[in-house]
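One-letter residues, chain by chain:
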Amino acid sequence: MNHSHAVIVSAVEVPYTRHPGDDVTTEALLTTAIRNAISNAGLEFSDVDGLGVSSFTLGPDHAVDLALRSGLALSWIMEDTNGGASGINMLQHAVRAIEAGDAKAIVLVAGDRMTSTEFQAVVDEYNVITRDYVAPLGMGGPNAMFAMLTQRHMSRHGLDETAYGSVAVSQRRWATMNPGAVYRTDMTMDDYLMSPVVASPLRRFDCVPPVSGADAIVVTRQDRVPASRVAVRVRAVGGSVNFDLHEGDGLRTGLAGIAPTLWNRAGLDPSDVDVISVYDDYPVMVLIQLADMGFAPDGDIRKLAHRLRSADWPVNTSGGQLSAGQAGSAAGMHGLVEAVTQLLGGAEDRQVPDAHIAAVSGYGMVTYRYGACANLAILERV
């Protein structure tokens, strides 16, 4: 094995909360995550020479300001603004940097203080298109756009609401075992179907609860990791920014184009995967991404939904954003942290036995109707 390979040795989450106190700032959440991730990795601050940051609300500060306040001396730094695709995007850059010798140990961190007021500000000023063309229509965020996408998906595949409920209900089962999830009460399909309609056919539990929190991982060279310590190697990682999809119906992501290449590069296929983290801003996107990643080779989405509902298939084992919460830009890191936690064997009551291979997707940056960015990481316990 090539011991210059980059590996992930630490994954942490600053607990999510719906109602942060006045003393909770985005900077405090991020610096806490950085400190915890370095400690969890068994490293000192002096060992870390790389930092990647993603946050919607850190401004006017940037990654360099966070490095200063964290007490880090760096040879490599980056800032990512790609929302739900940010975690894997930063991971891809960090892996290349480690293997090129640009850094020895890199902390990747993402998070936000996200109250209802701050959430609305991010939604209204998401980008120029949103600010100038979508917000003036009174859309109030992406719910209406993804409601229309869900309607098209239902019609295309002959689905009813229970297909999307299967995503929310199955993830809630996992969330009941995650002390960090903000929704931990068990939920039945009847509970889901009785929840209020937000934007037909989307119901309350189809929409992520905004929370405040942060997530972080540490990436380093494999030859710097003690032989006794478990680590996670990145077998393959890649992404797609595909604006052609905006001309279509939104029922396919860039994952469909890149997944076959990445599975081939990893020397694996979907049947080898023990744990899956799928970016879950809405249940429809879970079903679409699972299909695009190769988990529905026959194209039967109903079978995919049934598998989620009828078995303990390890998909979004933290409860996902639908139950654990969406901490702003940490949304792009949350699934990655959960997958690494599973592979490191630290998921406690929700631990998947003998978890060895994980697949993690990212999706996001709605430029007008759909997310333009999609990416995938295939990870291995070593």
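See the structure shown above.
Note that the structure is a prediction, hence the values are computed from the model and not measured.

Colleague: Whenever I open this one, the sheet that holds strand 4 (residues 105-112) confuses me. Can you help?
Modeller: Sheets are built from strands that pair by backbone hydrogen bonding, the pairs being arranged parallel or antiparallel. The nine strands are arranged 3-2-4-7-1-8-11-10-9 in an open sheet whose pairing can be described as mixed. Two strands bound the open sheet, and with one partner strand each, they are strand 3 (76-79) and strand 9 (275-277). Put simply, the sheet's adjacent strands are angled 20 degrees from each other on average, direction ignored. The sheet contact formed by strand 1 (residues 6-17) and strand 8 (residues 232-241) spans two bridges and is antiparallel. Note on strand 8: the bridge partner recorded for V7 is R233. Docked against the sheet, helix 1 (residues 26-40) engages strand 1, strand 2 (50-54), strand 4 and strand 7 (212-221), running at close to 140 degrees with respect to strand 1.

Colleague: Before we go on, may I ask you to explain helix 9 (residues 255-266) in this structure?
Modeller: Residues lying three or four places apart along an α-helix face the same way, a consequence of the helix completing one turn every 3.6 residues. Look at helix 9: 15 Å from first C-alpha to last across 12 residues, which is about the 16 Å you get at 1.5 Å a residue. Within helix 9 the residues assigned to the buried category are L255, I258, A259, L262, W263 and A266. Each buried residue of helix 9 lies within a common arc of 140 degrees when the element is viewed along its axis, so the set occupies one face. The exposed residues of helix 9 that point more than 90 degrees off its buried face are G257, P260 and N264. Buried residues belonging to helix 9 abut strand 8, helix 10 (283-293), strand 10 (357-366) and strand 11 (371-381). Once helix 9 ends, the next one or two residues include G267, with phi positive near 70 degrees.

Colleague: What is the right way to look at the pattern of salt bridges in this model?
Modeller: If the charged atoms of two oppositely charged side chains come close together, the side chains can form a pair. Under the counting rule described, the total for this entry stands at 11 salt bridges. E161 is paired through a salt bridge with R203; the nearest N and O atoms lie 3.1 Å apart. Taken together, the positions of E161 in helix 7 (residues 161-175) and R203 in strand 6 (residues 202-203) put the pair 42 residues apart, joining distant regions of the chain. Across the salt bridge formed by R221 and D223, the nearest N and O atoms sit 2.6 Å from each other. The structure contains a network of salt bridges with shared partners spanning E27, D61 and R69.

Colleague: What's the story with the environment of V12 in this structure? I'm lost.
Modeller: Mapping V12 onto the fold places it in strand 1. The spacing of V12 and I38 is 26 residues in sequence and 9.4 Å in space, taken between C-alpha atoms. Setting aside its immediate chain neighbours within four residues, V12 contacts A33, N36, A37, N40, A214, D215, A216 and V337.

Parameters at a glance
Residues numbered from 1 in each chain as written. Predicted model: local features only at pLDDT ≥ 70, side-chain atom pairs only at ≥ 80, totals over all residues. Heavy atoms only, no water. Pairing = 2+ DSSP bridges. Helix = DSSP H or I, 4+ residues; strand = E, 2+ residues; numbered from the N terminus. Axes fitted to C-alpha atoms, helices over the stretch in contact; angles between N-to-C directions. Contact = heavy atoms within 4.5 Å. Expected span 1.5 Å × (residues − 1). Buried < 20%, exposed > 50% of the residue type's maximum accessible area, 1.4 Å probe, protein only. Arc of directions from axis to C-beta. Salt bridge = Lys/Arg side-chain N within 4 Å of Asp/Glu carboxyl O.

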